[in-house]
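An overview of the molecular structure
One-letter residues, chain by chain:
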Amino acid sequence: MAEITKMWIADKMREIMKHKPIEKIRVTEICKAAEIERPTFYYHFKDKYDLVAWMFCTDAYGTDITSVPSAAAGMNKMKQEILFYKRAYEDSSQNALWHYMVEYFTKRYSDLAKEKLGTDILDTQLAYSIRFYCMGSVGMTQEWVLTDNITSAEIVVQMMFNSMPEN
């Protein structure tokens, strides 16, 4: 039931973001659109930025981050909902989406590296390389969403994969 409520709130947030940038949206407005009380919202999310990050992570969760076709499909899905992603990536507040995304992808790639290497701890250089890669790929995704209407998702993803650390 909690997951259904979260998806309901997220759907209402997507609708609101079609008309307003995230910094102009208030939790009260989200609650009104979702027909929920504020405590229900705060039970599921710490703030509107946490909600948007959850929405992105939910969309990204099914993506195989080691597969060019899967990652490109995820980026093509972003293009289908371009207004939502533009509004999310335009935000430059302390809780901006890109902060959440760097953490999300750093964790996913780190977990994969640990599994592949059969270790619980990554050496300092590999951990740094993964974080560096994630910061760059999230930044390039943000740039692609905000300004690039020409380059295909497949080309962008291939360029990202070509920039990935070897280990």
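Right, let's walk through the structure included here. (Residues numbered from 1 in each chain as written. Predicted model: local features only at pLDDT ≥ 70, side-chain atom pairs only at ≥ 80, totals over all residues. Heavy atoms only, no water.)

Turning our eyes to something else, we now look at the side chain of Thr 63. Counting through the fold element by element, Thr 63 comes out in the loop between α4 (48-61) and α5 (68-80). Accessibility expressed as a relative area gives 13% for Thr 63, which makes it buried. The residues contacting Thr 63, other than those within four sequence positions of it, are Ser 70, Ala 71, Gly 74 and Arg 108. (Helix = DSSP H or I, 4+ residues; strand = E, 2+ residues; numbered from the N terminus. Buried < 20%, exposed > 50% of the residue type's maximum accessible area, 1.4 Å probe, protein only. Contact = heavy atoms within 4.5 Å.)

With that settled, consider the pattern of salt bridges. For the structure on display, the rule yields seven salt bridges. Its salt-bridge partner being Asp 59, residue Lys 77 comes within 3.5 Å of it at the nearest N-O pair. Placement of the pair is Lys 77 in helix α5 and Asp 59 in helix α4, with a sequence separation of 18 residues. By relative accessible area, Lys 77 is classed as partly exposed at 35%. Residue class for Asp 59 comes out buried when judged on its relative accessible area of 18%. Residue Glu 103 pairs with Arg 131 through a salt bridge whose shortest N-O separation is 2.8 Å. (Salt bridge = Lys/Arg side-chain N within 4 Å of Asp/Glu carboxyl O.)

Enumeration over the complete set of coordinates arrives at 10 aromatic pairs. Measuring from ring centre to ring centre gives 4.9 Å for Tyr 104 and Phe 105, while their planes differ by 85 degrees; the resulting arrangement is edge-to-face. The buried category is assigned to Tyr 104, whose relative accessible area is 16%. Using a relative accessible area of 16% as the deciding quantity, one classes Phe 105 as buried. Note that Arg 14 overlies the ring of Phe 84, its terminal NZ or CZ placed 4.6 Å from the centroid. The ring of Trp 144 has Lys 79 sitting right over it, with the charged end atom 4.6 Å from the ring centre. (Phe/Tyr/Trp six-rings, centres within 6.5 Å; stacked < 30°, edge-to-face > 60°. Lys NZ or Arg CZ within 6 Å of the ring centre and 35° of its normal.)

For the rest of this paragraph, the subject is the environment of Tyr 128. Position of Tyr 128 relative to the elements: it lies in helix α8 (residues 124-147). On the accessibility criterion, Tyr 128 (53% relative accessible area) is exposed.

Attention shifts here to unusual backbone geometry. We note that Glu 35 has phi near 55 degrees; this positive angle belongs to a residue other than glycine. Within the secondary structure layout, Glu 35 lies in the loop between α2 (27-34) and α3 (38-44). On the accessibility criterion, Glu 35 (69% relative accessible area) is exposed.

Time to look at α4. Look at α4: 20 Å from first C-alpha to last across 14 residues, which is about the 20 Å you get at 1.5 Å a residue. Burial of α4 is extensive: 10 of the 14 residues sit out of reach of the surface. Along α4, the positions that sit buried rather than exposed are Lys 48, Tyr 49, Leu 51, Val 52, Ala 53, Trp 54, Met 55, Phe 56, Asp 59 and Ala 60. Against the buried residues of α4 lie α1 (2-17), α2, α3, α5, α6 (82-90) and α7 (97-117). Among the residues of α4, the N-terminal cap falls to Asp 47, whose side-chain oxygen and the backbone nitrogen of Tyr 49 are separated by 3.0 Å. (Expected span 1.5 Å × (residues − 1). Polar contact = N/O pair within 3.5 Å; in protein donor to acceptor, adjacent residues only side chain to side chain.)

Further remarks concern the nonpolar core. Among the nonpolar cores identified, the biggest contains 53 residues, and Met 13, Phe 41, Leu 51, Phe 56, Met 101 and Phe 105 are the most heavily contacted of them. Secondary-structure elements contributing two or more residues to this core are α1, α2, α4, α5, α6, α7, α8 and α9 (153-162). Not counting residues up to four positions away in its chain, the partners in contact with Met 13 are Ile 22, Ile 25, Ile 30, Lys 48, Leu 51, Val 52 and Met 55. (Core = buried A, V, L, I, M, F, W, Y, C linked by side-chain atoms within 4.5 Å.)

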